[in-house]
Structure formats: structure tokens, C-alpha cells
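Tertiary structure, described
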Amino acid sequence: MHPKVSIIGLGRLGAPIAGVFASRGFEVHGYDPVPEAVAGVRERRSLHYEPGLEDLLARWGDQIHTTSHLPEAVEASDVSFLVVPTPTRPDGSFSLEHVLQTTHEIGEVLAHKDGYHLVVLTSTVMPGSTDRRVRAALEESSGKKVGEDLGLCYSAVFVTMGHVIEDILHPSMALVGECDERSGRMLEAIYRSVCENDPPIARMSAFNAELTKLAMNVLVATKISIANLLARICELMPGGDVDVVTSAMQLDPRVGEGALCGAIAYGGPFLARDNQAFGTLMRRLDVARELEGTLGKFNRAQVPWLADFVQERLVDGGCVGVLGLSYKPDTDVIEASPGIYLCRRLAEQDIPLTAHDPVAMEGARRVLPPAVGFANTAALCIERADLVIVTTPWDEYREIPPEVWAHGGTPRTVVDCWRFLPHLADREGITYVPLGKGPGTPTELPPPPNPSSDPTRGVC
Ligand SMILES: NC(=O)c1ccc[n+]([C@@H]2O[C@H](COP(=O)([O-])OP(=O)(O)OC[C@H]3O[C@@H](n4cnc5c(N)ncnc54)[C@H](O)[C@@H]3O)[C@@H](O)[C@H]2O)c1
């Protein structure tokens, strides 16, 4: 018999967690202070574009009880997962405001509830938060001690937007940060029931788990940045081919597969902010301060570089078409999206511009300046443009027939940031530019810069 679970926060992560738990036979009680979030789950609607979520809710929604009253969800459950926002503060750390407020409310319910209750913090927090401030808030408001009638864990899930359901069901590992042994044991048993692939379960202290979560995202962002850097190098070197280089690198287990495809910049709501928080941790601990901010700086410089790259290849008075506004395929999330940044940058430079995305145009319209035009179809976006740049590798762009790319008979440049449209090479009427592949045959490195022109010369 599974324990009953409450999911506190039915947002982009909480709603899929509720759906997956229900699909695995758990009785789920979902709470959110925002009525639309509650109504979404109750009516089996996904408020965010997340493939598979509506199907899951339609099939298993009967197992999910929704409420706008937190005590109802906590009282009806044995385990509460907190999936509330932890916004970034001005100093780069994560705010615990919503976590502490919710923890306090949960504690007040637990003060009068019989039996063992486990609280699992899933939101991303600064290392050291769970076992100190969160534990103190819970013990104070409940009047109970963690390790006795109360359990407390930190447990991030490792998901990418657009694949959240699959990632929860088949994680490469489950992270259990326990404040006491019993809570870790209970959470491990829950993951063994939820995950379909019997993943390794990494049990550790809450602090180490919080640090693991941040460190994983720092490493992923670093791998992406190394691949992006290699793409820039290959771009300049005739015969250079970033895919050849990264494919070989991934054969070495020290490097490993994944997150090594050279393109533009990492985006989305989590990598940049987790990196920033890691920088804050380094600053607070006064560790390796010389490294702080390096990754973010390079990442932020990528889109301005790309805007220059586009401008250099655009005919005078020409129009640019940007295909892809979400930060990755299979999601409508546009936070920190390279496509959005590129549109802004080009619009600032008064370059005529039309954009398209299969699912993110509604959100993009709200944040982009009026100078950016939108095309309802990718074909229309291409037709209007002298230069098309593909910023998000949506499958539907791959399926566009070559004649659509060449439509109109005017010469058109296609900049393919992901090199996923190789069938456009050698097409009449198209100049195909796969980013990260140097043109021509291999040559030697260019000579070092003239010392007298080095602006850093003589600077200590
Ligand atoms: N979305 C992901 O894929 C993902 C991945 C890893 C980590 N996280 C972390 O999980 C947490 C939640 O992320 P998300 O993307 O689901 O956020 P979100 O903003 O989409 O959802 C959070 C939900 O919590 C609700 N909520 C509950 N209690 C609240 C309170 N007291 N105050 C304000 N709102 C409250 C909000 O209404 C909202 O529906 C964050 O810490 C995030 O960093 C998310």
C-alpha cells in the first residue's frame, strides 16, 4: 500500500509530478494558492506546454484530489512534496520566502495530525537550507522533532522541460537528501515504486544533495559552453567540424554522453540561475573567486556574437526570419531563450525581422518589441526572409520540404545553428551555413595576433 502524497505547488514541475504519482497508483492531493493552477489539474488541462501531461491527467486524474486549502491536502496525506517557487534574489541566491511560508503552514497542520509525516523539499534551494532554516520552521510550527514523528528530506528531480514525465518515470538516478534515516528510507521506497527503470538511488545528507543538484547544473552548463566554444573555434577554422570533435569526445567515459552539442547558448529558467547561485556560494565561502561568473559571461556574449554573424551575411536592407523562440524544442518556455534574445538584439539594430515558433509565439509576443513581426507558419517566415536563422531545432523545421526553403526564387541564406538541416547544402537558391563547421579545407592556425595590437599587452 503506497503512502498518500500531497503535492504543494502545481506548476511546471508540480503538476507533472502529481500526474506521474497518480499514474503509479498513489492517491494524490494537489494544492496550489493560485486558482488557475488548481483548476488546470482538476479539469485535466496543462497550463504549460508539456507533452503527455494532459493525457496523463485525463487517464489518472480521478486519483488526484485538488484543493486551494493547504491543510486539506496535508491532512489527507502521509508525505508532502514542496514544489513551490524559489525566485532568484538580487545577490544570486534563491529566496526561501515561499518555502518557509509553506513549511510553516504545513507544520501548523502537523501539530494536530497523528502519525509520521514526511516533508520532501523538491524546489531548488541554496545548500544548507533544508537542514537549518526549513527544519527550524517545521519543528517550531509543528512542535515536533524531525526524526521522531516528522521526516524531512531534500530531493531534487532532474528533468528537462518537454520531457518532464519521461524524466520522472525514468531518471538516471534519484537523489535523496535525508535529515534522518527513516525519512530517507521512506523516500527511497517511494522512488522505487514511482520510477519504472529501477534507477540508482543516491542517499546522502540534505546539504550534500542540495550541493549535488547545483553542481550537476553547473557541469551541464559547462559542457554546453565547451561545445559552444568549440563551435566558435571550428567556425573560424577551415575544415573544422564541431560535431566530429564532440562525438569523439563523448566516447570517453570521463566526458560522457549528452549536453555536448555545439550551438548558440544555454537558455531556459534553470541553468543560468543555478550557475549564478553557485557563484554566490563560491563568493560566500570565498572559494575559487577567480572562476566566478566566467561561464555566464561567455554564455551571455553568444547572442550578440550571433547577431553580428547574421548581419554580416544579410543583404543590404534584407529581412531576417528567426525560426525558434522557445529555449528548446517541446516546450513553450521562453525564459532566457537565445531566439528571444536574438530577436531583441536584431530589432534594436533596426533589422527587419519576422519570427516563428510552433508553440511559443503567444508568450513571445508579450515580451518582444512591436518591431518584431510574427508569421503563423514556418513557411511564411521563410518566404518573407532573405536570411533565415534556425535557433531552436524543432522537428517540424526538419520536415519542411527543400522547395519551401527555396521559395520565391530569390537567393536565401539559411543559418543552421544546430546543423540539423544538412539536406539544404548544395540546394539551388540557398546558401546553407551550418554553424560550427569551418568552410573549405583544413589549413594551419592563423599566426598569433600582432603583439603591438594586443590591447592587454603591458597590463598586469
Ligand atoms: N520546472 C522544472 O522542470 C524544474 C526542474 C528542476 C527544479 N525546479 C525547481 O522547482 C521549483 C518549482 O519550479 P516550477 O518550474 O514548477 O515553478 P512554477 O512557478 O511553474 O510553479 C510553482 C507553483 O507553486 C505554486 N505555489 C505554491 N505555494 C506557493 C506559495 N506559497 N507562494 C507562491 N507560489 C506558490 C505557484 O502558484 C505555482 O503554481 C523551483 O524551485 C525550481 O527551481 C523546477
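Worth saying up front: this structure is predicted, and the values here are computed from it rather than measured.

**Some remarks on the overall build of the chain**
Summing up its helical and strand segments, the chain has 17 helices and 14 strands in all. Its C-alpha atoms give the chain principal-axis dimensions of roughly 75 × 55 × 40 Å. The proportion of buried residues among the 460 residues of the chain is 52%. The positive charge centre, built from 41 side chains, and the negative charge centre, built from 60, are 3 Å apart in the chain.

**Concerning the pairing of strand E14 (residues 430-434)**
Counting buried residues along E14, four of its five residues qualify, which places the element largely inside the surrounding structure. The sheet contact formed by strand E13 (residues 412-416) and E14 spans five bridges and is parallel. Across the sheet, Asp-416 pairs through a bridge with Pro-434, a residue of E14.

**Observations concerning the packing of aromatic side chains**
Given two aromatic rings, their pairing is described by the distance between the two centres and the angle made by the two planes. All chains considered together, the criterion is met by three aromatic pairs. Considering the side-chain rings of Phe-21 and Phe-81, the 5.2 Å spacing of their centres and the 50 degrees angle between planes classify their relative orientation as tilted. Of this pair, Phe-21 sits in helix H1 (residues 14-23) while Phe-81 sits in strand E4 (residues 79-82), and the two are 60 residues apart along the sequence. The exposure class of Phe-81 is buried, given its relative accessible area of 2%. With centroids separated by 5.3 Å and ring planes inclined at 45 degrees, the aromatic side chains of Trp-305 and Phe-309 adopt a geometry described as tilted. Taken together, the residues Trp-305 and Phe-309, both in helix H12 (residues 294-313) and four residues apart, mark about one turn of the helix. An aromatic cluster of three or more residues is present, and its members are Phe-21, Phe-26 and Phe-81. We note Arg-182 situated over the ring of Tyr-116; from NZ or CZ to the ring centre the distance is 3.7 Å. The side chain of Arg-313 reaches across the aromatic face of Phe-309, ending 3.6 Å from its centre.

**Quick notes on the site of the ligand**
Near the ligand there are 22 residues, and of these Leu-13, Asp-32, Thr-86, His-98 and Arg-273 occur at the shortest range. Contact between the ligand and Leu-13: an oxygen atom at 2.9 Å from a main-chain N or O atom of the residue. Within the side chain of Thr-86, an N or O atom sits 2.7 Å from an oxygen atom of the ligand. Protein contact buries 87% of the 820 Å² of open area that the ligand shows by itself. In terms of residues, the shell around the ligand owes the most to one element, helix H5 (residues 97-110), which gives three residues.

**Quick word on the sheet that holds E14**
Reading across the sheet, the six strands line up as E11-E10-E9-E12-E13-E14 and stay open at both edges, with parallel pairing between neighbours. Only two strands of the sheet have a single partner each, and these edge strands are strand E11 (373-374) and E14. The sheet contact formed by strand E12 (residues 387-390) and E13 spans four bridges and is parallel. Bridge pairing links Val-388 to Val-414 in E13. Contacts from H12 reach strand E9 (320-323), E12, E13 and E14, with the element oriented near 155 degrees to E12.

**Here's the deal with the layout of surface pockets**
When its volume is computed, the second largest pocket comes out at roughly 380 Å³. Forming the walls of the second largest pocket are 18 residues, and the residues nearest its centre are Asp-332, Val-333, Ile-334, Gly-363 and Arg-366. Counting residues per element, the ones that place at least two in the lining of the second largest pocket are helix H13 (338-348) and helix H14 (361-367). In the lining of the second largest pocket, the residues fall into nine nonpolar, three polar and six charged. Mapping the lining of the second largest pocket onto the domain boundaries places at least three of its residues in each of domain 1 (5-199) and domain 3 (302-434).

**Comments concerning the nonpolar core**
Burial of nonpolar side chains together is a common tendency in soluble globular proteins. Of all hydrophobic cores here, the largest spans 41 residues; its most connected members are Ile-7, Phe-21, Val-28, Phe-81, Leu-187, Ile-190 and Tyr-191. Excluding anything up to four places from it in sequence, Val-28 contacts Val-5, Ile-7, Ala-18, Phe-21, Ala-22, Gln-63, Ile-64 and His-65. One finds Ile-264, Leu-306, Phe-309 and Leu-342 within the second-largest nonpolar core, a separate group that totals 33 residues.

**Brief notes about the sheet that holds strand E3 (residues 64-67)**
Working definition: the strands of a sheet are paired by backbone hydrogen bonds and lie parallel or antiparallel to each other. If you trace the eight strands from one edge of the open sheet to the other, you get E3-E2-E1-E4-E5-E6-E7-E8, paired in mixed fashion. Single-partner strands in this sheet number two, and they are E3 and strand E8 (201-205). Each strand of the sheet is rotated relative to its neighbour by a mean of 25 degrees, with strand direction disregarded. Against the sheet, helix H9 (residues 206-236) contacts strand E6 (150-154), strand E7 (174-178) and E8, and its axis sits at roughly 120 degrees relative to E8.

**Remarks on the environment of His-98**
Within the fold, His-98 resides in helix H5. Along the primary structure His-98 and Val-83 are separated by 15 residues, whereas in three dimensions their C-alpha atoms are 9.8 Å apart. Dropping the residues within four chain positions of it, His-98 is found in contact with Val-84, Pro-85 and Pro-87.

**Remarks on the domain arrangement of the chain**
Per the domain assignment, the segments making up the chain are domain 1 (5-199), domain 2 (215-295) and domain 3 (302-434). Listed by partner, the interface residues are 14 residues for domain 1 and 11 residues for domain 2. Across the domain 1/domain 2 interface, buried area totals approximately 1000 Å², and carbon plus sulfur atoms make up 58% of it. With a shortest N-O distance of 2.8 Å, Asp-91 and Arg-284 are connected by a salt bridge.

Parameters at a glance
- Residues numbered from 1 in each chain as written.
- Predicted model: local features only at pLDDT ≥ 70, side-chain atom pairs only at ≥ 80, totals over all residues.
- Heavy atoms only, no water.
- Helix = DSSP H or I, 4+ residues; strand = E, 2+ residues; numbered from the N terminus.
- Buried < 20%, exposed > 50% of the residue type's maximum accessible area, 1.4 Å probe, protein only.
- Lys, Arg positive; Asp, Glu negative; His and termini not counted.
- Charge placed at Lys NZ, Arg CZ, Asp CG, Glu CD.
- Pairing = 2+ DSSP bridges.
- Phe/Tyr/Trp six-rings, centres within 6.5 Å; stacked < 30°, edge-to-face > 60°.
- Lys NZ or Arg CZ within 6 Å of the ring centre and 35° of its normal.
- Near = heavy atom within 4 Å.
- Polar contact = N/O pair within 3.5 Å; in protein donor to acceptor, adjacent residues only side chain to side chain.
- Areas by Shrake-Rupley, 256 points an atom, 1.4 Å probe, with all protein chains shown as cover.
- Contact = heavy atoms within 4.5 Å.
- Axes fitted to C-alpha atoms, helices over the stretch in contact; angles between N-to-C directions.
- 1 Å grid on protein atoms, 1.4 Å probe; cavity = no way out; pocket = protein on both sides within 12 Å on 5 of 7 lines; lining within 4 Å.
- Points joined across faces, edges and corners; volume = space filled by probe spheres on them.
- Nonpolar A, V, L, I, M, F, W, Y, C, P; charged D, E, K, R; others polar.
- Domains from an automatic or database assignment.
- Core = buried A, V, L, I, M, F, W, Y, C linked by side-chain atoms within 4.5 Å.
- Buried area = accessible area lost by both parts, 1.4 Å probe.
- Salt bridge = Lys/Arg side-chain N within 4 Å of Asp/Glu carboxyl O.

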